[in-house]
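Examination of the molecular architecture
Letter by letter, the chains look like this.
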Amino acid sequence: MASPTQVLVQTAPKPSRTTVKALVESDGFKSIPSNYSYATHPNESDASNPNNTIPTIDFSLLTSGDPHQRSKVIQDIDKSCQEWGFFMLVNHGVPESLMKAVLNGCNDFFNLPMEEKLEFATKDIWKPIRFGTGVDIKVEKFFFWRDFIKVFAHPEFNCPSKPQGFSEIVQEYCKRSREVTMELLKAISESLGFEESYIEKAMNLKSGFQLFAANLYPPCPQPELAMGIPAHTDHGLLTLLIENEIGGLQIQHNGTWFHVNPLPNSFLVNTGDHLEILSNGRYKSIMHRAVVNNKSTRISIAAPNGPSLNTVVSPAPELVDNESRPAAYMPMKYKDYIDLQLEGKPCLERVRLPVS
């Protein structure tokens, strides 16, 4: 990527009143303001198409009732979580019509009048409904090229009442995607050598925290200078992501960045920090990022699913041996871990214990 000095500097928008969408739609807009310029991290590079096929898991074989098929799929999930931290999930049973409806509903929300969206504008990450744009520049030093709406979907469901019907669609989508996540976590419990309800009980998933996060990435006139969301990992256990037909997700595999080209009607599933912690490092929380383009608006919906906020997460005791497999992470309450993200540093590094 080019350096920030190459950007044609404009007057910086006020983040509290100007969204990326409004900026793009403003008269005469041709170049990005300097505070949206992203200086590429030295360890980051351009992405390519993967030489290896990204793992694909057929969910229907997991729930078919055939123990041999289920065992094979659990092995495939185990391998995917170890080697990639990511897989595409097909035949998951969530209707394509619902997935399209929730994407369309999010588009309609972002098209609401500015004042209606700003009712939910706040920097408090614990507000159950939060609309925003960019990011706090005191942390990241630049703005992300995206607008977002985030709602707490579980254990209590929250959602804006506008546009009409939006809340009902989001609630149904969250319910169905959470059911899929719970089945995957049963399989992952078994892949780690436990009985299927181990993670549900250990992480108190009946009160588990589910976030619904919709991101809008408008076309950017200088996509090589901006970033939708820079490289990061997700808190929680598993994140399920869908997008409209515009690509932009990139994942890091063995130190190399790859484009993700989703199969139609699939979920993109990535392992989160707390699955890495619980598995004592057997599974890795995948580094990923969102890039932008100069032609089309991309919408993505991420649904991270985690423990209950008061659950203290540490490596499963059964996966720890003080001599051969010492605990690689210190215990921390899930809510405290999310609070750490406000400081803008990789949270996993805060809880990872030194290897003796």
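Residues numbered from 1 in each chain as written. Predicted model: local features only at pLDDT ≥ 70, side-chain atom pairs only at ≥ 80, totals over all residues. Heavy atoms only, no water.

To be explicit about the condition: UniProt positions are given in the numbering used here, feature names are shortened, and annotations may be inferred rather than shown by experiment.
If you check an unreviewed UniProt entry, the chain appears there as 2-oxoglutarate (2OG) and Fe(II)-dependent oxygenase superfamily protein from Actinidia rufa. UniProt lists a comment for the chain under the heading Sequence similarities (unreviewed entry), and it reads "Belongs to the iron/ascorbate-dependent oxidoreductase family."

Comments concerning the overall build of the chain
Quick note on the threshold: Numbering goes from the N terminus for both helices and strands, where a helix is a DSSP run of H or I of at least four residues and a strand is a run of E of at least two. Accessibility here uses a 1.4 Å probe with only protein chains present; expressed as a share of the type maximum, an area under 20% marks a residue as buried, one over 50% as exposed, and anything in between as partly exposed. Contacts: residue pairs with any heavy atoms within 4.5 Å of one another.
A count of helical and extended segments in the chain gives 11 helices and 14 strands. Residues counted as buried form 52% of the 356 residues belonging to the chain. Within the chain, contacts between residues at least 6 apart in sequence are counted, and of these 77% link residues at least 24 apart.

Some details on the packing of helix α4 (residues 96-110) against helix α7 (residues 166-191)
Rules: A fitted line through C-alpha atoms represents every axis, and for helices the fit uses only the stretch in contact; the resulting angles, taken between N-to-C directions, go from 0 to 180 degrees. For classification, angles of less than 35 degrees are called roughly parallel, those exceeding 145 degrees roughly antiparallel, those between 65 and 115 degrees roughly perpendicular, and all remaining angles oblique. Here a crossing is called left-handed whenever its near helix is offset anticlockwise from the far helix by less than a right angle, and right-handed whenever the offset is clockwise. Each residue gets one of three labels, nonpolar for Ala, Val, Leu, Ile, Met, Phe, Trp, Tyr, Cys and Pro, charged for Asp, Glu, Lys and Arg, and polar for the others, Gly among them.
Look at α4 against α7: their axes get within 9 Å of each other, and the N-to-C directions meet at 135°. When the axes of α4 and α7 are compared, the pair comes out oblique. Helix-helix and strand crossings are classified by hand; for α4 and α7 the assignment is left-handed. Residues Leu98, Met99, Ala101, Val102, Gly105, Cys106 and Phe109 of α4 form the contact with α7, whose own contacting residues are Phe166, Ile169, Val170, Glu172, Tyr173 and Arg176. Taken together, the residues of the contact of α4 with α7 break down into 10 nonpolar, one polar and two charged.

What about helix α3 (residues 67-83)?
For clarity, the cut-off: To estimate the expected span of a helix, count its residues, drop one, and scale the result by 1.5 Å. The arc in question is the one traced by the directions running from the helix axis out to the C-beta atoms. The definition of a polar contact used here is a pair of N or O atoms within 3.5 Å, where within protein one atom must be able to donate a hydrogen and the other to accept one, and adjacent residues in sequence count solely through side-chain atom pairs.
Taking 1.5 Å per residue as the helical rise, α3 with its 17 residues ought to reach 24 Å, and the 24 Å between its terminal C-alpha atoms agrees with that figure. Residues of α3 that are buried include every one of Arg70, Val73, Ile74, Ile77, Asp78, Ser80 and Cys81, and no others. The buried residues of α3 occupy an angular sector of 165° when projected down its axis, which confines them to one face. Counted as exposed and oriented over 90 degrees from the buried face of α3: His68 and Gln75. On its buried side, α3 packs onto β1 (56-58), α2 (59-62), β2 (86-90), α7 and β10 (267-271). The residue sitting at the N-terminus of α3 and contributing the capping side-chain oxygen is Asp66; that oxygen lies 2.8 Å from the backbone nitrogen of His68. Following α3 by one or two positions, Gly85 has its phi on the positive side, about 70°.

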